[in-house]
Amino acid sequence: MISRLTPYSIVLAAVLCLCSSKAEAASPGADPSLKLHFDFDQDFSNGKVPDVTGNGHDGWRFCPTNWITATNGVFGTSGSFWHTNGTITDIEGTHAIGPYIGVTNLAGIEYLTNGTISFWAQFGQDSDVSTVILDAGYSPWYATYPNLATNSWSLRRNYRPYLSFIVFDAAAGQRTIVDWPTDVVQPGGFSADLSTTNFHLYTITFSCPNNQAIAYYDGRPFMTNSIGSPWLRIYSSTPWLAIGAWAHDGTPQWGDDLYPHSGFFDGQMDDLRIYDRALSASEVQSLYVGNTVVLTLQIQIAGPESVQLSWVNQPGVSYQVESKSNQCAAAWWLLGAPISSTGLNNSTLDSIAGRSSGFYRVRVLP
């Protein structure tokens, strides 16, 4: 709080702590419906991606020759980099090899009647139309255990240049429930480029009792459809959740069978979440906008009716200045357009004409 001999007092409520949308799950009083959360801010170079919820759904390395590495993520924090390296040849052909994560502790996520799956991703140059994000199922028509494969699911590109959420059942084999938009550089033609230029947030919420699924793109609803299943489950002949590869009804182990051998994700991924409830539209929007705030914000009286906000920049980051007049108000109001980082410091002015108090924060944009 900064006070001068003026009728205006400036209160910086957000300066007391760094509140990040990626860190909420690990904090006291976290949402108990968040069952799996990979924020990729932890050290995973040892072959383990920690589940920061504390529920024990850690991700494990199984491929001895490929593993993810740390890179820049959203909100100025860390993310994961995935890239294919080498090939494998089997009876089905030659396939590029990439890293993948296996989750083998499925307690609390194996069966879901309501849920939310959300992640940030930027697809790389080696992405293709079969790229997989999460694979938890297989068609009962071909599965080792057809009855168990019913109502399993997968989130991937289904031989199209966009992501789809697929549910498997005995009647149809597989059903596409929702799609996300085509956001690649060039979806077809002789110079097809299935990469994306930026991180995007892909989210699906579903309620089997309400027979509804909603796909969100960058925090906004994109497609709504019926889900047509009493529940969803994770299936493979040896149950596990595959991240970044097609499980193909195989085991997570490398080399004990033919799979996984395709669908490897190429690009960057961050903030992967699985909830056991359907988030509201406003909660999904919060995952997109985040709430990481700048700790270096300083406020000074710039004149009889204005204040100056200044802060230290991070390279390659954009900021949004926000304010509210009442500390108890839930909503923050945008002050102008986003500001890109230029030089070591940034600053902006705000009018305080006719106001006796104010609260400010500067938020890091994804």
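Residues numbered from 1 in each chain as written. Predicted model: local features only at pLDDT ≥ 70, side-chain atom pairs only at ≥ 80, totals over all residues. Heavy atoms only, no water.

Hey, could you go over the overall build of the chain for me, with residue numbers and the actual values?
Within the chain one finds two helices and 29 strands. A total of 366 residues make up the chain; the buried ones form 52% of that total. In the chain, the proportion of contacts linking residues at least 24 apart, taken out of those at least 6 apart, comes to 64%. (Helix = DSSP H or I, 4+ residues; strand = E, 2+ residues; numbered from the N terminus. Buried < 20%, exposed > 50% of the residue type's maximum accessible area, 1.4 Å probe, protein only. Contact = heavy atoms within 4.5 Å.)

Talk me through the side chain of S164; I want residue IDs and the actual numbers.
Here S164 is to be found in strand 15 (residues 163–167). A distance of 2.6 Å separates polar atoms of two side chains, one belonging to S164 and the other to D179. Not counting residues within four places of it along the chain, the set of residues in contact with S164 comprises S154, L155, R156, T176, V178, D179 and W180. (Polar contact = N/O pair within 3.5 Å; in protein donor to acceptor, adjacent residues only side chain to side chain.)

Help me get a handle on the sheet that holds strand 24 (residues 306–312), residues and values and all.
With antiparallel pairing, three strands are arranged side by side in an open sheet as 23-24-28. Either end of the sheet is taken by a strand with one partner, and the two such strands are strand 23 (298–303) and strand 28 (345–351). Taken pair by pair, the neighbouring strands of this sheet meet at an average axis angle of 25°, ignoring direction. (Pairing = 2+ DSSP bridges. Axes fitted to C-alpha atoms, helices over the stretch in contact; angles between N-to-C directions.)

Lay out the environment of A136 with the relevant residues and their values.
Topologically, A136 is positioned in strand 13 (residues 132–136). Under the relative-accessibility criterion, A136 is labelled buried at 0%. On a C-alpha basis, the gap between A136 and Y235 in space is 5.5 Å, while along the polypeptide they are 99 residues apart. In contact with A136, other than residues within four places in its own chain, are S152, W153, S154, R233, I234, Y235 and L241.

How would you summarise the sheet that holds strand 5 (residues 59–61) if you had to cite specific residues and measurements?
Taken together, the eight strands give an open sheet; going across it, the order is 4-5-10-21-13-14-15-16, and neighbouring strands pair in antiparallel fashion. Because the sheet does not close on itself, it has two edges, and the strands there are strand 4 (48–49) and strand 16 (175–179). Where strand 10 (residues 101–103) and strand 21 (residues 241–243) come together, three bridges link them in antiparallel fashion. Residue pairing for strand 21: I101 is matched across the bridge by I243.

Now, about the pairing of strand 19 (residues 220–225): what can you tell me, with residues and values included?
Residues in a regular strand project their side chains so that they alternate between the two faces of the sheet. Where strand 18 (residues 212–217) and strand 19 come together, five bridges link them in antiparallel fashion. Bridging from a neighbouring strand, Y216 pairs with P221 of strand 19. Between strand 18 and strand 19, which pair antiparallel in sequence order, lie two residues; one of them, D218, sits at a positive phi of approximately 50°.

Account for the nonpolar core, naming residues and giving values.
W153, L155, F165, W180, L241 and I243 are the most contacted members of the largest nonpolar core, which totals 44 residues. Look past the residues within four positions of F165 in its chain and what remains in contact with it is I117, W153, S154, L155, R175, T176, I177, V178, W180, I204 and L232. Of all hydrophobic cores here, the second largest spans 13 residues; its members include V307, V317, Y319 and V321. (Core = buried A, V, L, I, M, F, W, Y, C linked by side-chain atoms within 4.5 Å.)

Give me the packing of aromatic side chains: which residues, what numbers.
We describe a pair of aromatic rings using the distance from one ring centre to the other and the angle between the two ring planes. A full pass over the atoms with the stated rule returns 14 aromatic pairs. Here the aromatic rings of Y100 and W240 are separated by 6.0 Å at their centres, their planes lie at 55°, and the arrangement is tilted. One end of the pair, Y100, is in the loop between strand 9 (93–96) and strand 10; the other, W240, is in the loop between strand 20 (232–233) and strand 21, with 140 residues separating them in the sequence. No difference in accessibility class separates Y100 from W240, as the two residues are buried. Relative to Y288, the ring of W120 has its centre 5.5 Å away and its plane inclined at 20°; by these criteria the two rings are stacked. Placement of the pair is W120 in strand 12 (residues 114–123) and Y288 in helix 2 (residues 281–289), with a sequence separation of 168 residues. What makes W120 buried here is its relative accessible area of 1%. By the ring-pair criterion, three or more aromatic residues cluster together here, those being W82, F119, F123, Y202, Y217 and F265. Seen from the ring of W246, R156 lies directly overhead, with NZ or CZ sitting 5.3 Å from the centre. (Phe/Tyr/Trp six-rings, centres within 6.5 Å; stacked < 30°, edge-to-face > 60°. Lys NZ or Arg CZ within 6 Å of the ring centre and 35° of its normal.)

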